[in-house]
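# Structural characterization, general
Here is how the chains run, residue by residue.
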Amino acid sequence: MLRFEVGTDDLLHSRFALSPAFELATLLRVLAGGKGQELPAAWAAGLRPAFERLRASTELDAVLALQNASFGADFIAPPPAGLAQGWTDDLAAIRRTPLATARTDIARCLAAHPQAGPEARAVLAAEDVVDRVATALDQAWHALLAPDWPQLRAICERDVVHRAGLLGRHGWAAALEGLHPWLRWRDGGIELSGRSADTVVRLGGAGLLLVPSVFNHPQIASFTDDPWPKAIVYPARGIAAFWESGRDPAPEALAALIGATRARLLAALDQPAGTSQLARSLGLATGAVGDHLAVLRRAGLLHRARDGRTVLYRRTPLAEALLGGAQAGER
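The rules behind each value
- Residues numbered from 1 in each chain as written.
- Predicted model: local features only at pLDDT ≥ 70, side-chain atom pairs only at ≥ 80, totals over all residues.
- Heavy atoms only, no water.
- Helix = DSSP H or I, 4+ residues; strand = E, 2+ residues; numbered from the N terminus.
- Buried < 20%, exposed > 50% of the residue type's maximum accessible area, 1.4 Å probe, protein only.
- Pairing = 2+ DSSP bridges.
- Axes fitted to C-alpha atoms, helices over the stretch in contact; angles between N-to-C directions.
- Core = buried A, V, L, I, M, F, W, Y, C linked by side-chain atoms within 4.5 Å.

The next subject is unusual backbone geometry. Omega for the bond connecting histidine 217 with proline 218 falls within 30 degrees of zero, at 0°, which places this linkage in the cis form. Counting through the fold element by element, proline 218 comes out in the loop between β6 (209-213) and β7 (221-223). Residue proline 227 is reached from aspartate 226 by a cis peptide bond, and omega for that bond is 10°. Located in the positive-phi region is aspartate 187, a residue other than glycine, with phi close to 50°. On the secondary structure map, aspartate 187 appears in the loop between β3 (183-186) and β4 (189-192). By relative accessible area, aspartate 187 is classed as exposed at 63%.

It is worth spelling out the sheet that holds strand β5 (residues 199-202) at this point. If you trace the 4 strands from one edge of the open sheet to the other, you get β3-β4-β1-β5, paired in mixed fashion. Only two strands of the sheet have a single partner each, and these edge strands are β3 and β5. Across the sheet, the mean angle from the axis of one strand to that of its neighbour is 25°, orientation sign disregarded. Across 4 bridges, the pairing between strand β1 (residues 2-5) and β4 is antiparallel. Note that in β4 the partner of glutamate 5 across the bridge is glycine 189.

Here we take up the nonpolar core. Judged by nonpolar contacts, the single largest core of 54 residues is most densely connected at Leu28, Leu144 and Leu152. Here this core takes 10 residues from helix α8 (residues 129-145), the largest share from any one element. The next biggest cluster of nonpolar side chains, apart from the first, holds 19 residues, and it includes Ala267, Ala268, Leu301 and Ala319.

With that settled, consider the pairing of strand β8 (residues 231-235). Within β8, 5 of the 5 residues are buried, leaving the element largely enclosed by the surrounding structure. As paired strands, β6 and β8 are joined by 5 bridges and run parallel to one another. Its bridge partner lying in β8, leucine 210 is registered against isoleucine 232. The sheet contact formed by β7 and β8 spans 3 bridges and is antiparallel. Opposite phenylalanine 223, over in β8, you have alanine 231 as the bridge partner.

Following this line, the structure appears as structure tokens:
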């Protein structure tokens, strides 16, 4: 069991962040056959041709040699700075990695992954290894993850809004409830079971970094050593339902009744969300989303409530009945 000892200052300095680089590294591990994380078969099948093309036409195999089932090179997933973290921020941080740091990371990974091929090893031995690995990662990002990232990022942002609200109103026990079966708040600390050895980590006033993840589902990861701050990466709330429903879960019958865009909005509100989050997740203009939400609210299909600075929308019982009936009719 791993236990984070939490003091008063840690409660003040704990925060949330997003890590596109961690998501990309996890996705690559899954597509390469790694165990532990789950990706729906349809998504994996859709991404695999592009993944294989990347392996054949870029130096992605060198990146894959830097990962195994339990860890990867630190420099390919730098610690995130906050919720505004984007791929360009991560890529810049990767390119700034000192060569000596990269060499240490590479040696550690190759010792655990001795089957790496000669071409991958040649890349990892090169003087420009940092730039070449960064370029391969950037190519993978744009081919595999960039098209879906706005929607996946919105899921993470909605999780943060939910968790931060619980933390502010009810404390750590409420914020951690349901985060993961292995995680709990007990006696002034955060305990993570499923670890082989009992370890106690004191946050020392720096707080804990909490990072929601889409591709690490259903696993939970912890960071206790540099360069990351003390951190927990957990499955974002709502990602399991998203994987089950697919990219566009709106029933056709409901779309025929109220319009395709409004049906998509209702279907997307399986968890409360704000206007900008919905716009990003569905690839729509924020103003258009606001107009549609107003219509749905006047029709009695949505409730609206403020959570801090964010106005959140959630489905009413009438909307749930409409969705349930439309989905039942299509089965």
